[in-house]
Amino acid sequence: MADAPARFKDLCLDARDHHALADWWCAAIGYVRRDQLEDAQTPEEDEPRPHDWPIPIVDPTGEGPLMWIVPVPEPKIVKNRMHFDVVGETWPLLSAGATMVREADDEIEWSVLADPEGNEFCVFAPE
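Residues numbered from 1 in each chain as written. Predicted model: local features only at pLDDT ≥ 70, side-chain atom pairs only at ≥ 80, totals over all residues. Heavy atoms only, no water.

Whenever I open this one, the pattern of salt bridges confuses me. Can you help?
Pairing is possible between side chains of opposite charge, provided their charged atoms come close. Per the stated rule, a full pass over the model turns up 5 salt bridges. Notably, a salt bridge pairs Arg33 with Asp23, separated by 3.0 Å at the nearest N-O pair. Here the residue Arg33 occupies a position in strand β2 (residues 32-33), and Asp23 occupies one in helix α1 (residues 18-29), the gap between them amounting to 10 residues. The partly exposed category is assigned to Asp23, whose relative accessible area is 41%. (Salt bridge = Lys/Arg side-chain N within 4 Å of Asp/Glu carboxyl O. Helix = DSSP H or I, 4+ residues; strand = E, 2+ residues; numbered from the N terminus. Buried < 20%, exposed > 50% of the residue type's maximum accessible area, 1.4 Å probe, protein only.)

This is how it looks when you write it as structure tokens:
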């Protein structure tokens with residue numbers, strides 16, 4: 001679709017404590033901070049990122065999209081207009097600090113959880 005005015009680039013997620021939330025999502029979905037990958041080191045990445053800069057996290061297999069965890073001063077207040085869908089079990093995510101928003105039931109086949117900062121995401125059971 002060469003005539004499209006834009007193309008998908010990355011996912012961005014706002015966070016008050018972007019370091020903690022980056023670590024949480026890395027543990028939850030198997031991502032790593034991009035600067036932890038040896039092949040991600042470029043000359044401009046030789047210096048450590050300033051603490052208040054957004055944190056890029058990546059799928060170490062190269063399959064998933066790049067995600068930026070972006071620092072913001074305000075807490076999340078209203079429902080997300082866009083959310084993530086993941087495949088997995090809910091109990092490890094709940095044990096790691098997620099909260100249950102809505103369990104799978106007769107109406108929906110997935111559970112809706114929220115990460116430690118309240119960002120909703122859907123969890124689909126593995127096939």
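Once the structure has been displayed, the description carries forward.
Looking at this structure, how should I read the sheet that holds strand β3 (residues 55-58)?
Working definition: the strands of a sheet are paired by backbone hydrogen bonds and lie parallel or antiparallel to each other. Strand order in the open sheet made by the 4 strands is β1-β4-β3-β2, with mixed pairing throughout. Looking along the sheet, the strands with just one partner apiece sit at the ends: β1 (11-15) and β2. Note that β1 and strand β4 (residues 67-71) share 5 bridges and pair parallel. The residue of β4 that forms the bridge with Asp14 is Val70. (Pairing = 2+ DSSP bridges.)

For this particular structure, what's the right way to read the pairing of strand β5 (residues 84-87)?
Within a regular strand, the side chains alternate between the two sheet faces. Burial along β5 is one-sided: the residues Phe84 and Val86 are buried and none of Asp85 and Val87 is. Here β5 pairs with strand β8 (residues 120-124) via 4 bridges, running parallel. Within β8, the position partnered with Val87 by the bridge is Phe124.

In this structure, what is going on with the sheet that holds strand β6 (residues 99-102)? I would like to understand it.
Strand order in the open sheet formed by 4 strands is β5-β8-β7-β6, with mixed pairing between adjacent strands. Both outer strands of the open sheet, β5 and β6, are each paired with one neighbouring strand and no more. On average, each strand axis in the sheet is tilted by 35 degrees relative to the strand beside it, whichever way the strands run. As defined by bridge partners, β6 adjoins strand β7 (residues 111-114) across 3 bridges and the pair is classed as antiparallel. Residue pairing for β7: Met100 is matched across the bridge by Leu113. (Axes fitted to C-alpha atoms, helices over the stretch in contact; angles between N-to-C directions.)

Would you mind going over the environment of Leu113 with me for this structure?
With respect to the helices and strands, the residue Leu113 is situated in strand β7. Put simply, Leu113 and Ser95 are 18 residues apart on the chain and 12 Å apart in space, counted from C-alpha to C-alpha. Beyond its immediate sequence surroundings of up to four residues, Leu113 is in contact with Thr90, Leu93, Leu94, Ala98, Thr99, Met100, Val101, Asn119, Glu120, Phe121 and Val123. (Contact = heavy atoms within 4.5 Å.)

Quick question: what am I supposed to make of the environment of Asp115 here?
As for its placement among the helices and strands, Asp115 is situated in the loop between β7 and β8. You can call Asp115 buried: its relative accessible area is 2%. Separated by 19 residues in sequence, Asp115 and Ala96 place their C-alpha atoms 9.2 Å apart. Once you skip the residues sitting within four places of it in the chain, Asp115 turns out to touch Leu13, Leu21, Trp24, Trp25 and Phe121.

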